[in-house]
Amino acid sequence: MRHPLRGRTVLVTGGGGIGRLMALGAARRGARDVIWDLSEAAGAAARDEIRAEGGNAESFSVDVSARVAVAAAAQRAGDVDVVINDAGVVTGQRLMDATEEGIERTFQVNALSLYWVTRAFLGGMIARHRGTVVTVASAAGMVGVARQTDYSASKFAAFGFAESLRAEMRKERTGVTSLVVCPYDIDTGMFEGVRTTCPPLLPILRPGRVPRAHGGRNP
C-alpha cells in the first residue's frame, strides 16, 4: 500500500542530493515539499525542478546539526506530516587518518541532527494523531565497514533511533509511525568511486532506484 501524500507536507533534509529525488516523488504524488539543504544553491535547484513540473516546493539553507538553526527553520516550515531525515556526510577515512573535527561532524549530521529535526515536528504530529518520520540509515548501520568507523557507527545510531522511536510511538498510541531505510552504497557524490566486493549480493545502487523502492511503501 502507498502512503497517501496528496495535500500533505513533506520535509526532506539533504534535499539537494538524493533527497531531491524523494522530494520529486512526493510532489508528483501531490505533496507540498519543504527542502532543507546546507547548500542554498542545491536546495533551490531541487525546488525549481519541482516547480517546473507544476509541484509545490520551498527550499531553505539549513545546517541540520545546529539546534538553533533547525528550530528557526521549523517555524518557517509550519506543520509537517512527513519528515525525511536524509542529510548525511561520510569521510571514508581510516580511523587513524580521520580528524577529530571530521569525526564530530559525522555524528553531528548523521546522528544528532535526527533529534533536533524530529523533535521540531513530532509534537505537531502527535497532536494531529498522524505523521511519519523517515530515517535514512545505511547497510553500514547494520554491519561495520572498514574505513567507515565514524560513518558506520553514526548509522548504527540512526538505526537505533528510528527503531526506538517506532516502539515509543506505538506504545503511546500516537498515530505517528517511524520508518528506517538501510540502503547499500548509492552512486552519489558521497560515495563516488566506491566499489563492492560482491556485486550480485551488494550491488552499487543507482540514485533513481532507491527513492522508488522505499518511497511507495506504507510505513
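No experiment lies behind these values; they were computed from the predicted model shown.

## So, the packing of aromatic side chains
Summed over all chains, the structure comprises 3 aromatic pairs. Plain terms: the ring middles of tryptophan 36 and phenylalanine 121 are 5.9 Å apart, the flat faces sit at 50° to each other, and that makes the pair tilted. Linking tryptophan 36 in strand β2 (residues 32–37) with phenylalanine 121 in helix α4 (residues 100–128), this pair joins segments that are 85 residues apart in sequence. Each ring, one from tyrosine 115 and one from phenylalanine 161, has its centre 4.9 Å from the other, and the planes form 65°; the classification is edge-to-face. Placement of tyrosine 115 in helix α4 and of phenylalanine 161 in helix α5 (residues 149–171) is noted, with a sequence separation of 46 residues between them. When its relative accessible area of 37% is taken as the criterion, tyrosine 115 is described as partly exposed. For phenylalanine 161, a relative accessible area of 11% puts it in the buried group. In textbook terms, an aromatic cluster arises when at least three aromatic residues are bridged by ring pairs, as seen for Tyr115, Trp116 and Phe161.

What counts and what doesn't
- Starting from 1, residues in each chain are numbered consecutively following that chain's sequence as written.
- Local features in this predicted model are restricted to residues whose pLDDT is 70 or higher, and side-chain atom pairs enter the listing and the counts only when it is 80 or higher, whereas totals over whole chains, interfaces and linings include all residues.
- Calculated side-chain values reflect all of the structure's heavy atoms, with hydrogen atoms and water omitted.
- Each Phe, Tyr or Trp ring (for Trp, its six-membered ring) is paired with any other whose centre lies within 6.5 Å, and the angle between the two planes then decides the class: stacked below 30 degrees, edge-to-face above 60, tilted in between.
- The numbering of helices and of strands both runs from the N terminus, where a helix is a DSSP run of H or I of at least 4 residues and a strand a run of E of at least 2.
- Exposure is judged per residue with a 1.4 Å probe applied to protein chains only, and the accessible area is read against the type maximum: over 50% gives exposed, under 20% gives buried, and values in between give partly exposed.

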